[in-house]
Amino acid sequence: MSFLDVLIKNMLSVSKRNSDEINNARIDLDGNTFSTLKKRIDKEQKRIDNISKPNVYIENFNPDATGTNLTTQSFLDAVNYAKTITRSAENPANLVLSPGTYRIKKTADLLIPSLKCLVGYATIVVEDAFAFLIASNFELSHVKIVSKNTYAKADSTFKPIIKATSTVDNITLDNVIFDSVLSAQDGTVRASVAVSLLAVNNFKMRDVEVKGYRHGITTNGLSNGISGDNLRFYNTELPLYMRGSDPAVTDENYAKNIHFDNIVHINTKTQSQNYFKLQGADTILMEKCDTIMLGYVVSEWPVERSCYMSCCRNFVASTWQLKNALGIKCVGGSNTTTGLETIAYGFDISNIHAVFDDPDITQQGYIAEFYWAKKGIVKGCSIRGNGIASVAVSLRHYAEDITVEDCFGDSLKRGLIEYSYVGDIDNPDPSPDIAAGTYTSGLKKITVRKNTVYNSNTLDYDVFKLSDASPPAAGSYRYEDIKVEDNTIINPVDDYGAVVSGNNCKGLINIDNVNGLSIKNNKLIGHKRPDANGNIITLPFQVGANSKNVVIIHEETTHNPDFKYVWGTLYMSGDSKIIINNVHKTFAYQDIATITLKHDSTNPKTTKDISVNFRINGRTSISDTTDFSLPLIGASTSGYVLPNIFGTVDVITDAGETGGYIVAKTGVITLKSGSTAFFVTSATNTKFAFLKDGTLPRYLMRFKLGAESASFIVNYSINAA
């Protein structure tokens, strides 16, 4: 190897060692890699500056002899000195307060440094209407601020206590109390706003208390990274308000990454009724926010509701306790003037428990409410109303991919689920705009399963109440892919299983204009539903003619044989099956039947009127020592239209008598050959008869006392003609 080759090899080796050394120097002790060595050095310098953050001690600025009061000029001197020794905006000086009370009189807003009390609490009394202005890297720690400026509930302008006038970064509130000197504690007078910020990045709160204020903590702008733990609000109209941009504008400007835990908001009933503005006076109000987590919330007697999410996305709420507080409202927005529509998206609501125990509440109570919203789940929640709370989950105008699962309700005025397109379901909140128009409307992919409700629907509503003041034309569908499965509804009934007086539950669901409906394995005890003629009908659901792909799997126990297979309006598709158990306690009567639909051979999804397209196979057992006259099918009152049927009826008695009947498509009943003389086709003493009633719409089984037999087994197969 030549001398030149050796030289080049050595130079390359040295170069590689230098390169490795530089690369290693760009990695800090935490394993973070910087793109240049200078960036790492700058970061380390900032870390050193933060460690050596200068402190200015208020006790060095001539407090009075008691150490409990400080003149305004002394406070200003300390603030100005802190500014002079601040190294940079990223590393401002702290103003350290000693425990005691400091009274500040000021007529203009004042820019302040961080305020800290290292031992105990320092109290600042704000004597006048001015704001403490803050900049980035501000910290307020172990300080109590008492405002002497209070405002009547009708006042529309007021000064915040802590305020930012531009975007700020790295704001911390740690062990802070905002109190007020109120002339009354009933909400007629409150202090202003505790903290008012615009856009803020990295805003942390821990152990913050607000008492007697109009607003608690507010931000307004494209914030990122707001968190709080152990936040307490008393006699406060709007505790937490975060706003990204105007909800009426369709854009991607959202405040992001908001996380609160352990929020307590408690008003008295009187305080909640004295407010400046009803709409938006909630425990938590957020507009155009994204990625939100709210855990462990207590809300009692808020002015309106516990939470309003307007045009928000990706929201998780878990473990809330609500008392006389409306639940969580998740809405998008529309504007009938501009045609803009913003869909709220992504809501996970679980373990929310609401109790209403005041009879004066007139608003519609709910666990959750969705308008113009997609992809939400309400799971493991409960609502108890004593006849006050209205509905577990409310849906309005448009909702898609919403699941309500494993929830519990007790004493609900309206029931489990409620939907209104436009029209007659009342709600005290006029926003968002719900006028009919060209906006997305209806329900799509709604699943309601495994819920339990007691004592529901005292307003003569269905458990799943639908209201549509402007139905679509035939062939158009307001509702698509609706599942109502495995729910249990238990309402008061008398000894015979009939609905007791005052229980006005009309049934499970009454739906038209649906494409894709699954009703499976629901239990509904105690309901009444009249058909078009006022008859009490057998099944607790109705499906209109303008529907398709309707599958119903249902088992029902009834206690009134005077209405046998009286369905009202019910359209079903193939693969549906209904089982009806009918029992009567006065005499030993039990009937069980399976009802299926006649399939459409060309398309099983085609929906047909069950009243003229059914098959029924059933078995009845009767044991009685008196005369009886029981419908096999039909109603024991006038007005019901008896369908044309054909089929067979076979009977055996405990005395060994056997016989049977054939019903022709013309309605003529004839005895099967081989039937004993015990069986006849007219009302005859000591005989069993099967006949068509001449005055009421029914086919009857009739027995006149006097024969040896008193027990019967009846097997029947009936088809619509």
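The shown structure was predicted, so the numbers you read here are calculated from the model rather than taken from an experiment. (Residues numbered from 1 in each chain as written. Predicted model: local features only at pLDDT ≥ 70, side-chain atom pairs only at ≥ 80, totals over all residues. Heavy atoms only, no water.)

Student: Even after reading the chapter, I still don't get a nonpolar patch on the surface, so can you show me in this structure?
Tutor: Among the surface-exposed residues, Y57, L118 and V119 lie close enough to one another that they form a single nonpolar patch of about 310 Å² accessible area. Structurally, the position occupied by V119 is in the loop between β5 (114-117) and β6 (122-126). (Patch = residues over 30% accessible without salt bridge, like charges linked within 9 Å, V, L, I, M, F, W, Y side chains within 5 Å. Areas by Shrake-Rupley, 256 points an atom, 1.4 Å probe, with all protein chains shown as cover. Salt bridge = Lys/Arg side-chain N within 4 Å of Asp/Glu carboxyl O. Helix = DSSP H or I, 4+ residues; strand = E, 2+ residues; numbered from the N terminus.)

Student: What's the story with the confidence of the model for the protein in this structure? I'm lost.
Tutor: Reading fine detail from the predicted coordinates is not recommended where pLDDT is low. Mean pLDDT over the protein: 86, with 88% of residues reaching 70 or higher. Contacts from residues 423-430, a stretch scored under 50 in pLDDT, to residues over four places away or in other chains number 26 contacts. (pLDDT = per-residue confidence, 0-100. Contact = heavy atoms within 4.5 Å.)

Student: Looking at this structure, I do not really get the pattern of salt bridges. What am I missing?
Tutor: Pairing is possible between side chains of opposite charge, provided their charged atoms come close. Summed over the entire model, instances satisfying the criterion amount to 31 salt bridges. K375 is the partner of D401 in a salt bridge, and the nearest nitrogen-oxygen pair spans 3.7 Å. On the criterion of sequence distance, the pair formed by D401 in strand β28 (residues 391-405) and K375 in strand β26 (residues 368-379) is long-range, its members being 26 residues apart. The closest approach of N and O atoms between R414 and E418, which form a salt bridge, is 2.5 Å. R414 sits in the buried class, given a relative accessible area of 5%. (Buried < 20%, exposed > 50% of the residue type's maximum accessible area, 1.4 Å probe, protein only.)

Student: It is not clear to me how the packing of aromatic side chains should be interpreted in this structure. Could you clarify?
Tutor: Centre distance and the angle of the planes are the two values used to describe a pair of aromatic rings. For the structure shown, the criterion picks out 21 aromatic pairs. Look at F178 and Y213: their rings are 6.4 Å apart centre to centre, the planes differ by 80°, and that puts the pair in the edge-to-face class. One end of the pair, F178, is in strand β11 (residues 168-180); the other, Y213, is in strand β14 (residues 213-220), with 35 residues separating them in the sequence. The pair formed by F178 and Y213 is uniform in burial state, with each residue classed as buried. (Phe/Tyr/Trp six-rings, centres within 6.5 Å; stacked < 30°, edge-to-face > 60°.)

Student: In this structure, what is going on with the pairing of β6? I would like to understand it.
Tutor: Moving residue by residue along a regular strand, the side chains alternate between the two faces of the sheet. A large share of β6 lies buried, amounting to five of its five residues. Here β6 shows two buried faces, one formed by A122, I124 and V126 and the other by T123 and V125. Across five bridges, strand β3 (residues 100-104) lies against β6 in parallel orientation. Across the sheet, R103 pairs through a bridge with V125, a residue of β6. (Pairing = 2+ DSSP bridges.)

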